[in-house]
Every structure is written in C-alpha cells, then in structure tokens.
Amino acid sequence: PTTREFWWDLEAVGGAPDGYSRLVYAVNGQYPGPLIEANEGDTIIVHVTNHLDVGQGIHWHGITQNGSPWMDGVPGVSQCVIAPNGGTFTYNFTVSNQYGSYWWHAHYSNTLADGLVGGLIIHSPNDPLKLGQDFDEERVLYVSDWVDVTSEAVVDALLTLGTFDGSVVPPQGDAILINGVGRTNCTYSELRHKSTCCDPDYPVIEVPSSKRIRFRVINTGAHAVYGISIDNHALEVVEVDDTAVWGPTIHEIRISPGQRYSFIVNTDQGKDGAEFWLRAQAVVKGLAVFRYSGGISWGEPSTRAWPDLEADSIPCVDMDVNYTLTPRDAKDAPSKALQTQVLSSERGNFVSVNGVPFGGQGFNNISFQNQINYPLLEQVEDGHAIDGKLVANVAFTEIGGGDIIINNLDNVIAHPFHLHGGTFWILGRGTGNITAKEAGKLKLNTHNPLRRDTLQMNLGEWALLRIVTDNPGVWPLHCHIGWHLSEGKLAAIVVQPDAVKGLYKPPAWSGTGRPDILPCRFEQ
Ligand code: C2O
C-alpha cells in the first residue's frame, strides 16, 4: 500500500463552463477538480486550504470510512466547517475492503453545484473487471447540470420563498455539462442574468478505434437524471455505483445525482477519425463529440440518436428496476435484520423549534437543521442524544444485519437517496408504503442481491435496504438532489453509539476559526 498525498486550494475563479460567465468554485484552479486514483489499501491524505468566503467540507462519496468517521467530510455531522478565508483541514483515511468508481464533492449546503466535484477511482486486483481482459482502456465521464447563478442564490430563494424562478421544483440546470463543458441558451441567460455569454466548443472524448473502452460515468449534478447514449454504439453495463455487475447491453443508461455506472463500448463503428454524438439527455440536453483518434476532423458529427431513445426513457426510475443487475463479486446480505428503522420522506412546510418555517423537505416530518457548531458525531461521542426536533435520527445498537425502510411519501418529486458509511443491499421495493411489521413478513432474497450506495426512488415508493451495522459512526442518509439537501432532506443513521465514543479522535485543525476547544468555536 502507498500513501497518496495531495494539496488542494479551494478558490472562487471566473469561469464559463456553459458559455455564461459566473464564479466557479475550483480546486487548484480546476473544474471538474482533480481526479484521485489509488489502490485498495492505500492511504489518501488531502490537505485542504479553503480560500472561499464560505465554510466547507469535502466528502468522499462511497468511501466507507470504517474506523475514521470524522473524515467523512460533512460539516455539522462529522466535522466543523473548514473555516472560510484560509482555514485548513487535512483528510487522512485508508481505503480498505472496497474498490470501484467513487467521487468526492463539497458537502456544505449545495456548493457542489458551484464546481467542487471530482472523481475518485479505487483499483484493486480483487476487482472482477480487469483492464486488458474486459476492457482495453478506461475514461471517467462527468455529467452535471449547471445553473447560471450561484448555489447560494438558489438556496436562499428556496429557503425564503419556497420556490426558485416560480417553481417548487428546484432547477434542473440551464445546461448539461459533459466533462465540465456545455452550452446554455445564451440569449436567455444574458437577458436574465446580464453577464456575457458565448458558446464553447463541444467537449471531445477521444478514444482509439477497434478497442473496448470502459467509461465510468459519474452524475456530479445537483438535480437532473440523465439518459446517456452514444450514437451507433451499444453500452454494456458492468458497474453500478461500486458494484461490478453482469448487466444488460442497452442503448441508453439512466443515472441519478450521486450515482455511478460503468459501461463498456466497442469502438468498431468506423475508421480512425470517425465522430459520433455522445448525448446526456434530461429536460435540457448535453452533447459531446465521441471521436476515434487519428484521421481528419470534419467538424460536428452527423450521427442520429438511437430511434427508440426518447420513447424508451422512463425518467426518474432507477435502472435496477428495469433490468437484472447481478453482482459479479457475490456477497450475500445478512440473512436477518436484528433491528429495523423506518424513515418516511415527506415534503411540506416544516417548522423549526423556534417557530420559523424551514425547508420544504424532510424525513419523519423533520427538516434537517445543521448544528454547524456542534457536529452530530461529537454530540454522540460526548454521550448526548441527538435532538430529534432538529434532525430525524435513528440508531442501530446491535451489531449485524440492520434494515432501513424508506417510504417516499413525496408525491411531487423522485429522490436519489444516498447512505454514507457503506453500501446497502436492496432487498425489496414497491409502491405505497410499508411498516416494519409488514416488512418482517416479506420473503426476501438475501443471496447476492444488488448492492449500491445511491438509490433512485420514485414518487410513492417504498424500499427495504439491508446494511451491516459494523461501522460505528453517524452516517447521513439524504437526498442527493443537492437543493433538497439544502432544504433539509437528511436523516442521521447512528451506528453503535457506544462504540462511537471510543472511536472519536478530533482531527488536527488550523486557520481562522480554529476551534481550540471542541465543540467548534467557529462563528458563521
Ligand atoms: Cu455524495 Cu452526502 O453525499
């Protein structure tokens, strides 16, 4: 195992990812931010300096942080914010017993929508998907919605008015970016926001011909669900989040915020220099040029989308509902759950303890209110009970199998729910809602069911997720529509609260707002 050490400066820079000029949050000047690649067993150390004027925290999406819950990167849950204007924090964690496609992103409010995102790929000899055998080369493909105003402007509107641009549904993006580049409607954006705008060139994804290329697609966006397709090329689905699968070969994959899919394409549809459109379609559409290297470029491809695409598309439904996806590295779920916890996901106008309306999204009728100065992990480590009026929270005290039932009662919007601290097996899902008692009577298949860390749930659906409660910590379960997270759709899953006490080691801290004594003394 190796130690991989990085130094990251978070800064606001001028940018125009979709052609329209605005401030972009970048790491070392880059958007998307740096790609981290490591091997299973490696230790990753990232020294972060936050030059932004807002607090920050960087989350390593899909990394279980077993034994290092304080490195999970969620301000107000696992750490104090990295103070603005020069605060520093060092993330230090070892990646064990996992490999596959992950990513990292800002976890403070919805500032990931301002640009703080990047890939995190863990290679391993244990990975059933082998370079040189299953595929010849690999690429990371970032898809994201992009809004021509800052996340702060959107969140402020949602929290004060309950709407943005007159809609309770948060924005799905002025443009879709592929690898950080897209095209907004300049005429409209200039009128509305009064800044300069011009169409950037389409991003080009260059691959050799006559090869099998693995794409690791990451939806780094804040809301939209995309259909990803490449004209003339079939996509063989081989990975779902970080689970290698035997999947279908299809024309389009659907990916929700937070999720990852890997697919393999054969570049056998033309000679060197051949060009095809790669499409990311949601309410808005994104395009990139998929190009076989060599040859001459003739400008924009003239290829057409697969004829059945739009007809086939079932927005907001997870791929795993429509296809059989069998994990290649079989892992059975625990045959029974020692404890079952139920969370219902609602929308409404929840009222905080001090009587102020807050948030339009919640769990168990509670909108998450971030206690930024006293992270939940510290509260539990101090032996306090988490205030159930400020955040819906449930505890798993037994070690073994545990069930989380999510009843998505929201009848307006589908939600991609993400669990920190480990993957879950999807043991059941259906329409309506379900009680723990009813779930207890279900016949469940625990032999190698699909496991992942981000599940798209449609309106009025329930899901039964089984976890192993072997990772002490306070783990957020939240909607990965970043706007909904800002509106309060986050619950805290407390795993082995007693063990958390022995585990907590306050991380080194420096810079403005350094909390000399815990809890955080940082002033917002
Ligand atoms: Cu990628 Cu808490 O999320």
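Sequence order as written defines residue numbering, which begins from 1 separately in each chain. Restriction of local features to residues with pLDDT of at least 70 applies here, the model being predicted, together with a cutoff of 80 or more for giving and counting side-chain atom pairs; totals for whole chains, interfaces and linings are based on all residues.

## Section: the overall build of the chain
Comment: elements are numbered from the N terminus, with helices defined as DSSP H or I runs of at least four residues and strands as E runs of at least two. A tally of helices and strands in the chain yields 8 helices and 33 strands. Every radius of gyration here is taken over C-alpha atoms, with the globule rule written as 2.2 Å times N^0.38, N being the number of residues. A globule of 524 residues ought to have a C-alpha radius of gyration of about 24 Å, and the chain, at 22 Å, matches this closely. Oriented by its inertia axes, the alpha-carbon framework of the chain measures out at about 65 × 55 × 50 Å. Partly exposed residues are those falling between the two cut-offs: more than 12 but fewer than 20 other C-beta atoms within 10 Å of their own, whereas 20 or more means buried and 12 or fewer means exposed, with C-beta atoms placed from the backbone. For the chain, buried positions account for 51% of its 524 residues. Taking the contacts inside the chain whose residues are at least 6 apart along the sequence as the reference set, 78% of them involve residues at least 24 apart. Residues are defined as contacting one another if the C-beta atoms placed from their backbone atoms lie within 7 Å.

## Here's the deal with the domain arrangement of the chain
Segmentation of the chain into domains, including their bounds, is taken from an automatic or database domain assignment. Domain annotation of the chain identifies domain 1 (1-127), domain 2 (128-325) and domain 3 (339-504). The centre of domain 1, based on its C-alpha atoms, is set 22 Å off from the matching centre of domain 2. Taken together, the 29 residues of domain 1 in the interface contact 37 residues of domain 2. Elements that contribute at least two residues to the side of domain 1 that touches domain 2 include exactly β2 (22-27), β7 (100-106) and β8 (117-123). In terms of residues, the side of domain 1 that touches domain 2 owes the most to one element, β7, which gives 5 residues. Residues are grouped as follows: Ala, Val, Leu, Ile, Met, Phe, Trp, Tyr, Cys and Pro are nonpolar; Asp, Glu, Lys and Arg are charged; all remaining types, including Gly, are polar. Here the side of domain 1 that touches domain 2 is composed, by residue class, of 13 nonpolar, 12 polar and 4 charged.

## Describing the pairing of strand β32 (residues 490-495)
The element β32 is largely enclosed, with a buried count of 6 among its 6 residues. Residue alternation in β32 divides its side chains into two sets, L490, A492 and V494 and A491, I493 and V495, and both sets are buried. Two strands qualify as a pair provided that DSSP identifies no fewer than 2 bridges between them. Here strand β24 (residues 392-396) pairs with β32 via 5 bridges, running parallel. Within β32, the residue paired with A395 across the bridge is V494. Both strand β31 (residues 473-479) and β32 contribute to a ladder of 6 bridges, which runs antiparallel. Looking at β32, one finds that V474 is bridged to V494.

## What about the sheet that holds strand β20 (residues 285-292)?
Spatially, 5 strands are ordered β11-β20-β19-β13-β17 in an open sheet, and the strand pairing comes out mixed. Looking at which strands have only one partner, the edges of the open sheet turn out to be β11 (204-207) and β17 (253-255). On average, adjacent strands in this sheet sit at an angle of 25° to one another, irrespective of strand direction. Looking at chain direction, strand β13 (residues 226-230) and strand β19 (residues 275-281) are connected through 4 bridges and run antiparallel. Bridging across to β19, I230 finds its partner in L278. Convention adopted: a line fitted to C-alpha atoms gives each axis, helices being fitted over their contacting stretch, and angles between N-to-C directions are expressed from 0 to 180 degrees.

## Some points on helix α1 (residues 151-160)
In an α-helix there are 3.6 residues to a turn, and that puts residues three or four apart on one side. Residues S151, V154, V155 and L158 constitute the buried set of α1. Buried positions in α1, seen along its axis, are confined to an arc of 95° and lie on one side of it. The secondary structure elements touched by the buried residues of α1 are α7 (482-486). A positive phi of about 80° marks G162, the residue just after α1. What the arc describes is the spread of directions from the helix axis to the C-beta atoms.

## Quick notes on the pairing of strand β29 (residues 454-457)
Burial along β29 is two-sided: T454 and Q456 facing one way and L455 and M457 facing the other are all buried. Examined bridge by bridge, strand β26 (residues 415-419) and β29 share 4 bridges and lie antiparallel to one another. Across the sheet, the residue bridging to H415 is M457, located in β29.

## Focus on the UniProt feature "domain: Plastocyanin-like" (unreviewed entry) in the chain
UniProt positions are given in the numbering used here, feature names are shortened, and annotations may be inferred rather than shown by experiment. The positions that UniProt labels "domain: Plastocyanin-like" (unreviewed entry) are, in the present scheme, residues 17-126, 138-293 and 404-498. Split by type, residues 17-126 is 0% helix and 40% strand. Its first and last C-alpha atoms lie 37 Å apart.

## Concerning the sheet that holds strand β5 (residues 58-61)
Within the open sheet, the 4 strands sit side by side as β3-β8-β7-β5. Their pairing is mixed. At either margin of the open sheet sits one strand with a lone partner, and together these are β3 (36-39) and β5. Taken over all neighbouring pairs, the strand axes of this sheet differ in orientation by 20° on average, direction set aside. In this structure, β5 lies alongside β7, joined through 4 bridges in antiparallel fashion. By the bridge assignment for β7, W60 is matched with W104.

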